[in-house]
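An overview of the molecular structure
If you want the building blocks of each chain, they are given just below.
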Amino acid sequence: MTDAPASRSTPYTVPSAVRDAYVLGGNRLPFARSGGAYAGVSEQDMLTAALEGLVARFGLQGAQLGEVAGGAVLKLAGDLNLTRESVLGTPLDARTPAIDMSKACATGLETVTHVSNRIRLGQIEAGVACGVDSASDAPIEVSVRLRRLLHRLSRARTAVQRAQVISGLRPGDLAPLPPRNSEPRTGLSMGDHQAVTNAHWGITREAQDELALASHRNLAAAYGAGLLDDLVTGYRGLGRDENLRPDSSMEKLAKLKPVFGTSNPAIAEPTMTAGNSTPLSDGASSVLVASRQWAEENGHAPLARIVDTRIAAVDYVHGDEGLLMAPAYAVPALLDAHGLGLEDLDLIEIHEAFASTVLTTLAAWESEEFGRERLGRQGAFGSVDRSRLNIAGSSLAAGHPFAATGGRIVATLSKLLHAQAKQKGKVQRGLVSVCAAGGQGSVLLLESDGK
Amino acid sequence: MTDAYTRFTRTALGRQIVKKAGLPNPARLPRQADRPEPVLDPVVVLGSSAGADEVAALLLDWGADVRRRFEETPRVGSVVVVLDEVSAPRELGEIVLPLAGAMRSLAPGARVVTLSRPATGEDLARDAARGGVEGFVRTLGHEMRRGGTANGIQVADGVALTAPGVATTLRFLLSARSAFVDGQLIEVSTDAGRRPQQWDRPLEGKTALVTGAARGIGAAIARTLDSLGAELVLLDVPASGSELSRVTNELRATPLQLDVTSEAAGARTIAFLRERGITLDVLVLNAGITRDKMFANMTADRWDAVIAVNISSQISLVEALLSAGDDGADVLAEDLRVVSLASTSGIAGNRGQANYATSKAGVMALVAALARRLGERGTANAVAPGFIETDMTGRIPPLQREIARRANSLQQGGLPLDVAETIGFLCAPGAAGLRGQTVRVCGQNMVGR
């Protein structure tokens, strides 16, 4: 019920120093399983719906924001301006600029960083970070040979030339190419990569199933407590995440057959199942980020301050490190820069690409050897208090529409930190850690004073 | 929004066939946008009581072209029949009969409104005369042509005919806002309330919560309350969240996703309102579902779901909001308006709707009880839609739908807007004198009261 956010009392000035950016809140669609409730819905429709919900929640009708940064991992070639096109379909002022970004599963978190940086540098006052992905509507390409042949065909001038080109076509060229689920440089799927890392750290099936079960229970409890009431907007008849199984149990999870690492002779006992790995998902998320001045002028209380971010990458190609282990390096770098240790974090969100991604990261931090040899420390980096980890569930329960995951985590964690800071009466710190294909990782530090 | 048959009757061929075969000939009903003036001129005020003079003065004050007789008045648009002082049935004729000769020449979309007093059980002849008015109004409702309607206002003894409740009701019934309200009496039992500063924006400065607002009648209610000046909190289930945000964005409202049947619904609504510093002046309990089955085939899940959404949720939400002040800031303003959604199915019953009819009849009793409980604090009333053109009625099998659609004096289905307009009327500051009533929006449906 606020008036047009564009109205303001004093003109904004470009500050000479870096200033703070704050998460004001977020909105996402309930995540659907691939081929489920959102099958046949385009990414643009989903992203538009997520943004419309954000506009409705924050009264942004007609508002001209500084920028909307978004992206999708599995993106159709025609959707080159996916975010801008989505913005044009919302009640936001059509003069709101947009940018499409891409960094595999870290896309969502990187859009938050991008918008935050713009605000911190005084380039914009408020923006939206968002992401969408649809495994149900993933692009399917034609083969390289067919593509080149079609281009040659369009350049052909005469009937003879065209006939020559077409005569080069073979039946095999016509087979469509679905998106590849394997690393281009190793040919191994992400799950098969993680199975190797898993075996290295000796993560048990039971530990993975326990983490998966906790994810479902925590997310179900979060819904029950109303935590997601103002974080999620229902879509296409779906009010909650389709993948959520509140009645899951260790017995049910134990019955599932391993699906990754099964053909690797080096892995004696494969442990990764459909229950402790994230499913292919569809969904979209968004986060409203702004300067304190903008928040105040538009009547919104900031939930959390975006303190800092770090990125890292590992050499998984030559077997130096596991594919999804980059955050194990980025987090120590981020915390060191602020003189913090794991024990100084009140809440920790580690994206559950697989249950074992979380567990291998934790194991690495607890390892003296990893600490000394990989991180160059005196000993182990430290341990994470499990009661502070993914306390409202994570991707195993919610699902993981790649580019939408970062926004889901940032908005949820900001709300959790704010509530906890308010309750405890002191500043609460939270960490977001997201691993990504290509051996990359992005991590982000949040802080809330609960005011 | 016009159905296929009605479109056919408006073609050259259709007009001929309808006339020769005596088929239903639904008139085009002007709505507020088509006829914005409150009174269709000229208006004839019948009756010679002091009350009749007061009503004539009130109409003049509204800028109407007021006459006291039909002679030399062509194409009368509105007739107000003032019967407040009749003391025996034989006195009725003298007042109403002048209208008989004018019935055929009334303007399209004409309005007849009677003003009378309710029977009190104190005087045989007086009660008989007062009771007789109902039969008169209902018959005129059937006999009115070209989209005209006839309704009455029963004004409790001791309440002036110009009291805020009477004026507000009279203005509603004379206006195009009551296009689909026909053949019924509305009772004004107290002189509480006040006339609005602006008749066209009576809800200026008021905040209303509408449940089930994402689509259909709920979305229409939201749009109408918005046009009447209200700030809105729009509630619907999480699964309808995206539809809700679209209506919210259109009206610059505040969305609240909530399952009203959940145990914590009341507490969450209160927390939501307090967090935003919102105090509600108006509560529209519209959320409702159907799970139709012949009673012989009724299952517990169908029965329970309908009872839970359509009536139980209303009771718990109202109880929670009313008692919010006991342990914190109040979330309801002084002079509250509660409007709940009943149904003509709840009045007359309907094959295959035992669960729905039970819940909706329950709503009517609920608002009556709530109005008594609210006392000085405000009032509660219900609206009972008949056949309304919505997605829900669009799913009725064609033949059945066509019969249901024509089975009223106006021979057509109503629009969600018609229900919304009636709710807007009941939410107005002037409607304080209407207590625990159920106003039908059914075009005088052939079944039920």
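About the cut-offs
Residues numbered from 1 in each chain as written. Chains lettered and ligands numbered in written order. Predicted model: local features only at pLDDT ≥ 70, side-chain atom pairs only at ≥ 80, totals over all residues. Heavy atoms only, no water. Contact = heavy atoms within 4.5 Å. Buried area = accessible area lost by both parts, 1.4 Å probe. Salt bridge = Lys/Arg side-chain N within 4 Å of Asp/Glu carboxyl O. Helix = DSSP H or I, 4+ residues; strand = E, 2+ residues; numbered from the N terminus. Nonpolar A, V, L, I, M, F, W, Y, C, P; charged D, E, K, R; others polar. UniProt positions renumbered as here; feature names shortened; annotations may be inferred. Expected span 1.5 Å × (residues − 1). Buried < 20%, exposed > 50% of the residue type's maximum accessible area, 1.4 Å probe, protein only. Domains from an automatic or database assignment. Axes fitted to C-alpha atoms, helices over the stretch in contact; angles between N-to-C directions. Parallel < 35°, antiparallel > 145°, perpendicular 65-115°, else oblique. Left-handed = near helix turned anticlockwise from the far one by under 90°.

**Considering the interface of chain A and chain B**
Facing the 24 residues of chain A at the interface are 19 residues of chain B. Where chain A abuts chain B, roughly 1,600 Å² becomes buried across the two surfaces, and 42% of that area is made up of carbon and sulfur atoms. The interface formed by chain A and chain B holds two salt bridges in total. Of all the elements, helix 1 (residues 43–58) of chain A adds the most residues to the side of chain A that touches chain B, at six residues. For the side of chain A that touches chain B, the residue count by class is twelve nonpolar, nine polar and three charged.

**Regarding the UniProt feature "domain: Ketoreductase" (unreviewed entry) in chain B**
Per the UniProt record, "domain: Ketoreductase" (unreviewed entry) is found at residues 206–390 of chain B. Helix makes up 45% of residues 206–390 of chain B and strand 21%. Its end C-alpha atoms lie 28 Å apart.

**Some words on helix 6 (residues 190–201) of chain A**
End to end, helix 6 of chain A covers 17 Å across twelve residues, agreeing with the expected 16 Å (1.5 Å per residue, within 8%). Positive phi shows up at A:Gly202, right after helix 6 of chain A, with a value of about 65°.

**Observations concerning the pattern of salt bridges**
Residue and element names in this part refer to chain B. For the coordinates displayed, the defined rule picks out 43 salt bridges over all chains. In this structure, Arg31 engages Asp418 in a salt bridge whose closest nitrogen and oxygen atoms are separated by 2.6 Å. Here the residue Arg31 occupies a position in the loop between helix 2 (12–21) and strand 1 (43–46), and Asp418 occupies one in helix 15 (residues 416–427), the gap between them amounting to 387 residues. Residues Arg31 and Asp418 agree in their burial class; the two are buried. Across the pair Arg406 and Glu402 runs a salt bridge whose closest N-O atoms are separated by 2.7 Å. With a gap of four residues between them, Arg406 and Glu402 both fall in helix 14 (residues 398–406), about one helical turn apart. Glu402 gets classed as partly exposed once you look at its relative accessible area, which sits at 25%.

**Some thoughts on the domain arrangement of chain A**
The domain boundaries assigned to chain A delineate domain 1 (144–174) and domain 2 (190–226 + 244–279 + 306–448). The straight-line distance from the C-alpha centre of domain 1 of chain A to that of domain 2 of chain A is 48 Å.

**Quick look at the domain arrangement of chain B**
Interfaces are often sized by the amount of accessible area the parts lose when they come together. Residue and element names in this part refer to chain B. Considered domain by domain, chain B is made up of domain 1 (1–30), domain 2 (37–188) and domain 3 (206–441). Each of domain 1 and domain 3 has a C-alpha centre, and these two points are 33 Å apart. Taken together, the nine residues of domain 1 in the interface contact nine residues of domain 3. Contact between domain 1 and domain 3 buries roughly 750 Å² in total, counting both sides, with carbon and sulfur atoms accounting for 59%.

**Here's the deal with the packing of helix 6 of chain A against helix 11 (residues 355–366) of chain A**
Residue and element names in this part refer to chain A. Direction vectors running N to C along helix 6 and helix 11 enclose 40°, while the axes themselves pass 10 Å from each other. By the angle class used here, helix 6 and helix 11 are oblique. Considering only the axes of helix 6 and helix 11, their crossing is left-handed. Contact residues: Gln194, Thr197, Asn198 and Trp201 in helix 6; Ser356, Thr357, Thr360, Ala363 and Ala364 in helix 11.

**Examining the environment of A:Arg180**
Following the sequence through the fold, A:Arg180 ends up in the loop between helix 5 (159–167) and helix 6. Considered as a pair, A:Arg180 and A:Ile140 are 40 residues apart in the sequence and their alpha carbons are 9.7 Å apart.

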